[in-house]
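Here's the letter readout for the chains.
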Amino acid sequence: MLGLEEGKKAVEIARETIETYLKEGRKPDPPGEIPEKFREDRGVFVTLNKSGSLRGCIGRPLPDQPLIDGLMDSAINAATSDSRFPSVGEGELKNISIEVSVLTVPDKVEVDDPKELPEKVRVGRDGLIARYRSRAGLLLPQVPVDNDWDAEEFLSQTCVKAGLSPDAWVKGGVEFEKFSAQVFGEKEPGGEVVEKGLG
């Protein structure tokens, strides 16, 4: 688990990384002094919000690189490579608030019958990954909370994210993994960073 000061540092690094990339077209070197936990392999997502709406969100669900590397890469990609949005402009960043989600390792959700899936999913704690053949979709734990979804709608929307029909989870064949996350975000663009409670 990260402490609040470490969470603040993560958001600060994400903002500084995006600023440097937008101004100079390069990824900056990692800061010289970082918390030891930033050297551990962790999954991480960076989310950009503008005027209450999503402006970009990209990350790495699996702990396959040090947190500092995943954080900086995800920050740049959220600002420039989310196919749902145009790249963030240099002058636009001052109007964007940044959120960093540090993930636990995903665990497979085991059920005998797909209809049992909603009982295994806790809104406000779990994020979900849906996998079917070569397709995969991920939604962070804060997404169903922000959208006031119940567990069934959360499962449906994760299927949609994977390019499947909303009822694919009921039909079977879709594998689900769940994870939790610590979420740190700015209250307003460039402002105070708080840890977001999701429950």
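On a predicted model such as this, the values are computed, not experimentally measured, just so you know.

Describing the pattern of salt bridges
On inspection of all chains with the given rule, the structure shows 16 salt bridges. Two residues, Arg39 and Glu36, come together in a salt bridge whose shortest N-O distance is 3.6 Å. With a shortest N-O distance of 2.9 Å, Glu99 and Lys196 are connected by a salt bridge. A residue pair is termed long-range when its members are at least 10 positions apart, and Glu99 in strand β3 (residues 96-103) and Lys196 in strand β9 (residues 193-196) qualify at 97 residues. The class of Glu99 is buried, set by a relative accessible area of 7%. Take Lys196: its relative accessible area is 29%, and that puts it in the partly exposed class.

Things to note about helix α1 (residues 4-24)
For α1, built from 21 residues, the straight-helix expectation of 30 Å at 1.5 Å per residue is met to within 8% by its first-to-last C-alpha distance of 30 Å. All of the buried residues in α1 are Glu6, Gly7, Ala10, Val11, Ile13, Ala14, Arg15, Thr17, Ile18, Thr20 and Leu22. Following α1 by one or two positions, Gly25 has its phi on the positive side, about 70°.

Topic: helix α5 (residues 151-161)
Turning to α5, its buried residues are Ala151, Phe154, Leu155, Ser156, Thr158 and Cys159. Against α3 (117-120), β5 (127-132), β6 (135-139), α4 (142-147), α6 (168-171) and β7 (175-179) lie the buried residues of α5. One side-chain oxygen of the residue at the start of α5 lies 3.3 Å from the amide nitrogen of Glu152, identifying that residue as Asp150. Just downstream of α5 lies Gly163, where phi reads positive at about 80°.

Thoughts on the sheet that holds β5
Ordered in space as β4-β7-β5-β6, the 4 strands form an open sheet in which the pairing is antiparallel. With partners counted over all chains shown, the strands left at the sheet margins are β4 (107-108) and β6, one partner each. Bridging between β5 and β6 involves 5 bridges; their strand directions are antiparallel. Its bridge partner being in β6, Arg131 is matched across the sheet by Ala136.

Looking at the sheet that holds β9
Spatial ordering of the open sheet is given by β2-β1-β3-β8-β9, a layout of 5 strands whose pairing is antiparallel. The open sheet has two free edges, formed respectively by β2 (53-60) and β9, since each of these has just one partner strand. Between one strand axis and the next, the sheet turns through 20° on average, direction left out of account.

Here we look at the domain arrangement of the chain
Segmentation of the chain into domains returns domain 1 (4-104 + 181-196) and domain 2 (107-179). Taken over C-alpha atoms, the centre of domain 1 sits 25 Å from the centre of domain 2. Across the contact, 12 residues belong to domain 1 and 9 residues belong to domain 2. Both sides together, the interface formed by domain 1 and domain 2 hides about 700 Å², and carbon and sulfur atoms give 65% of it. Where domain 1 packs against domain 2, one counts 0 salt bridges. On inspection of domain 1 and its partner domain 2, the count reaches 2 residue pairs in polar contact (both at pLDDT 80 or more).

Calculation rules
- Residues numbered from 1 in each chain as written.
- Predicted model: local features only at pLDDT ≥ 70, side-chain atom pairs only at ≥ 80, totals over all residues.
- Heavy atoms only, no water.
- Salt bridge = Lys/Arg side-chain N within 4 Å of Asp/Glu carboxyl O.
- Helix = DSSP H or I, 4+ residues; strand = E, 2+ residues; numbered from the N terminus.
- Buried < 20%, exposed > 50% of the residue type's maximum accessible area, 1.4 Å probe, protein only.
- Expected span 1.5 Å × (residues − 1).
- Contact = heavy atoms within 4.5 Å.
- Polar contact = N/O pair within 3.5 Å; in protein donor to acceptor, adjacent residues only side chain to side chain.
- Pairing = 2+ DSSP bridges.
- Axes fitted to C-alpha atoms, helices over the stretch in contact; angles between N-to-C directions.
- Domains from an automatic or database assignment.
- Buried area = accessible area lost by both parts, 1.4 Å probe.

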